[in-house]
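# Topology and contacts: notes
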Amino acid sequence: MEKLKKPLNNQKTLSKENRLNTNDMKIKNMVKGLLFAALFLSVLSTHAQQSSEVCYNPNQVKDTTKKSIKSVAEGKIGDAQFTISYHSPGVRRRIIWGGLVPFDEVWVTGAHDATTLEFNKDVLVNGQNVPAGKYALFTIPGEKQWVFIINKHWQQHLASEYDSKDDVVRVPVKPQKTGHLERLQYFIDPSGNKKGSLSVAWEKVKVTVPITVQ
């Protein structure tokens with residue numbers, strides 16, 4: 001009878017070892033799964049953080065991407081606060097004017113979503129009253145003259161839903177030569193008590209629009 005018990009004990013030992021091995025495998029797989037999930041969440045968090053970050057001077061940051069950089073220009077003219085939100089594309093050795101950006105067509109003057117212009121006081125643009133609020137900013141580039149446009153419909157992709165009926169003001173402006181700027185950039189510059197200007201520059205061209213705060 002004792003001889004018969006030994007194989008049974010061996011079977012119990014083997015069965016216990018198998019269970020232990022199975023449990024070990026389950027734990028290892030669980031740890032791997034948790035590590036993968038943590039890594040995945042970390043990547044998502046980093047991507048979300050990068051997507052939400054904005055640049056206040058796209059020509060001073062280390063340029064490591066071919067994509068357009070999410071950017072913001074902020075400033076005060078008189079007691080009015082101005083904010084321009086836009087995406088800044090790069091030249092990247094491309095022909096910009098009359099090439100990437102066609103002449104005589106409405107342009108988002110940036111990339112991706114429409115560039116937005118927001119201010120908290122009524123202003124005069126080219127002698128025309130523009131109430132405080134949030135607007136889309138477009139231009140029509142030309143070889144000798146541009147048109148600067150403030151439009152009511154600020155929530156749109158590029159200029160896909162642009163309608164001239166929504167224009168609040170159109171200002172003819174002459175492009176000026178400037179030093180090379182690799183990335184498109186907006187500027188808000190005060191020049192007096194209630195006077196200043198909004199301007200955009202890219203490649204070797206700059207256009208400026210005078211602003212008076214009421």
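On a predicted model such as this, the values are computed, not experimentally measured, just so you know.

How each quantity is defined
Residues numbered from 1 in each chain as written. Predicted model: local features only at pLDDT ≥ 70, side-chain atom pairs only at ≥ 80, totals over all residues. Heavy atoms only, no water. pLDDT = per-residue confidence, 0-100. Contact = heavy atoms within 4.5 Å. Helix = DSSP H or I, 4+ residues; strand = E, 2+ residues; numbered from the N terminus. Buried < 20%, exposed > 50% of the residue type's maximum accessible area, 1.4 Å probe, protein only. Core = buried A, V, L, I, M, F, W, Y, C linked by side-chain atoms within 4.5 Å. Pairing = 2+ DSSP bridges. Axes fitted to C-alpha atoms, helices over the stretch in contact; angles between N-to-C directions. Phe/Tyr/Trp six-rings, centres within 6.5 Å; stacked < 30°, edge-to-face > 60°. Salt bridge = Lys/Arg side-chain N within 4 Å of Asp/Glu carboxyl O.

This part is about the confidence of the model for the protein. With 76% of its residues at a pLDDT of at least 70, the protein reaches an overall mean of 85. Low pLDDT (under 50) marks residues 40-51, which in the prediction has 1 contact with non-local residues, meaning those over four places away or in another chain.

With that out of the way, let us pick up the environment of D79. Topologically, D79 is positioned in the loop between β1 (69-77) and β2 (80-88). Linking D79 and N120, residues 41 residues apart in sequence, is a C-alpha distance of 9.0 Å. Not counting residues within four places of it along the chain, the set of residues in contact with D79 comprises N120, K121 and V213.

Residues other than glycine seldom take positive phi values, yet R93 does so here, at roughly 65°. Position of R93 relative to the elements: it lies in the loop between β2 and β3 (116-119). Here R93 falls in the exposed class, since its relative accessible area comes to 88%. A positive phi angle, near 65°, is found at D104, a position not held by glycine. Classification of D104 by relative accessible area gives exposed; the value is 64%.

Moving on, we get to the nonpolar core. In this structure, F82 and V125 are the most contacted members of the largest nonpolar core, which totals 43 residues. Considering every element that reaches this core, the biggest residue donor is strand β10 (residues 195-213), with 8 residues.

Two orientations exist for strands paired in a sheet by backbone hydrogen bonds: parallel and antiparallel. If you walk across this open sheet you meet the 4 strands as β5-β4-β10-β9, and the pairing is antiparallel. Each edge of the sheet is formed by a strand with only one pairing partner; in this case those strands are β5 (128-130) and β9 (176-190). In this sheet, neighbouring strand axes are inclined to one another by 35° on average, regardless of whether the strands run parallel or antiparallel.

Across the sheet, 6 strands lie side by side as β1-β2-β3-β6-β7-β8; this open sheet has antiparallel pairing. The open sheet is flanked by β1 and β8 (167-173), the only strands paired with a single partner. With strand direction ignored, the average angle separating the axes of adjacent strands in the sheet is 20°. Looking at chain direction, β2 and β3 are connected through 4 bridges and run antiparallel. Of the residues in β3, the one forming a bridge with F82 is F119.

Next up on the list: the environment of Q128. Residue placement: Q128 occurs in strand β5. Along the primary structure Q128 and V168 are separated by 40 residues, whereas in three dimensions their C-alpha atoms are 8.9 Å apart. Sequence-distant contacts of Q128, that is, excluding residues within four places in its chain, are made with V123, V168, V169 and R170.

It is worth spelling out the packing of aromatic side chains at this point. The full count for this structure, using the stated rule, is 9 aromatic pairs. Each ring, one from Y86 and one from Y186, has its centre 4.7 Å from the other, and the planes form 65°; the classification is edge-to-face. Here Y86, found in strand β2, pairs with Y186, found in strand β9; they are 100 residues apart in sequence, far enough to count as distant. What makes Y86 buried here is its relative accessible area of 3%. When its relative accessible area of 4% is taken as the criterion, Y186 is described as buried.

Another point: the pattern of salt bridges. Once their charged atoms are close, side chains differing in charge can pair, the charge on each being opposite to the other. Inspection of every chain in the model, using the stated rule, returns 1 salt bridge. When the shortest N-O distance is used, the salt bridge between R170 and D167 registers 2.8 Å. Assessed through its relative accessible area of 36%, R170 is described here as partly exposed.

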